[in-house]
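# Per-entry structural report
Single-letter residue listing:
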Amino acid sequence: MTYVAKKCGIRFQPPSIILIYEDKNKDRARQRIIPIRNFSKFSDCSRAAEQLKNNPRHKAYVQGVSLRQLQKLYSLLRGHLQGESLAQSLEQIQQEETIDPEEDLNKLDDKELAKRKSIMDELFEKNRKKKDDPDFTYNVEVEFPQDEQLESCGWDAESDSEF
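Bear in mind that the values here come from a model prediction, so they are computed numbers and not experimental data.

### So, unusual backbone geometry
In this structure, proline 14 follows glutamine 13 across a cis peptide bond, with omega equal to -15°. Here proline 14 lies in the loop between β1 (3–11) and β2 (16–23). For aspartate 27, which is not a glycine, the phi torsion comes out positive at approximately 55°. Following the sequence through the fold, aspartate 27 ends up in the loop between β2 and β3 (28–35).

### Some remarks on the sheet that holds β1
What the 3 strands build is an open sheet, ordered β1-β2-β3; its pairing is antiparallel. For this open sheet the edge positions go to β1 and β3, each flanked by a neighbour on one side alone. With direction set aside, neighbouring strand axes in the sheet form an average angle of 20°. Summarising the sheet, β2 and β3 pair through 8 bridges and their orientation is antiparallel.

### Things to note about the environment of serine 43
By the element assignment, serine 43 lies in the loop between β3 and α1 (45–54). Note on serine 43: relative accessible area 16%, which makes it buried. Along the primary structure serine 43 and tyrosine 74 are separated by 31 residues, whereas in three dimensions their C-alpha atoms are 9.2 Å apart. If we skip the residues at most four places from it in the chain, serine 43 touches Asn38 and Arg78. For serine 43, the side chain forms a polar contact with the main-chain nitrogen of serine 40, separated by 2.9 Å.

Reading the values: the criteria
Residues numbered from 1 in each chain as written. Predicted model: local features only at pLDDT ≥ 70, side-chain atom pairs only at ≥ 80, totals over all residues. Heavy atoms only, no water. Helix = DSSP H or I, 4+ residues; strand = E, 2+ residues; numbered from the N terminus. Pairing = 2+ DSSP bridges. Axes fitted to C-alpha atoms, helices over the stretch in contact; angles between N-to-C directions. Buried < 20%, exposed > 50% of the residue type's maximum accessible area, 1.4 Å probe, protein only. Contact = heavy atoms within 4.5 Å. Polar contact = N/O pair within 3.5 Å; in protein donor to acceptor, adjacent residues only side chain to side chain.

Here is the structure:
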């Protein structure tokens, strides 16, 4: 059986994930309600999302939903369980998803670094131009303006005596 996920959302009361999918064999849209059990305000969202993706009962249905989207839905549920409003939870998720260009990634632990890298990979794939895109051009050359004089560095100076 092949299923294609169309929409995915969350319901707070009772806690469940709502998945609207299309059954390719019957060519019609259906809705699946996946109850969320044993999840509290202290639970790990990424772990819960991985468990749902690997659950044999729901695996065929949620394979088209990205792990990041499931993590966001679990984060919304955790925020609701902590007493936050939907707007506060969405703002917190948006803040976690944005990457500060001035942030020093060398100071992050492995888990946070992996999270930032996955966000950057997702952003890259979203903005990447593919050959099939209508505005794709091959071998683009861009001239960058040089308003100020280039500074020379000591390591950049050519010296034949070293070699």
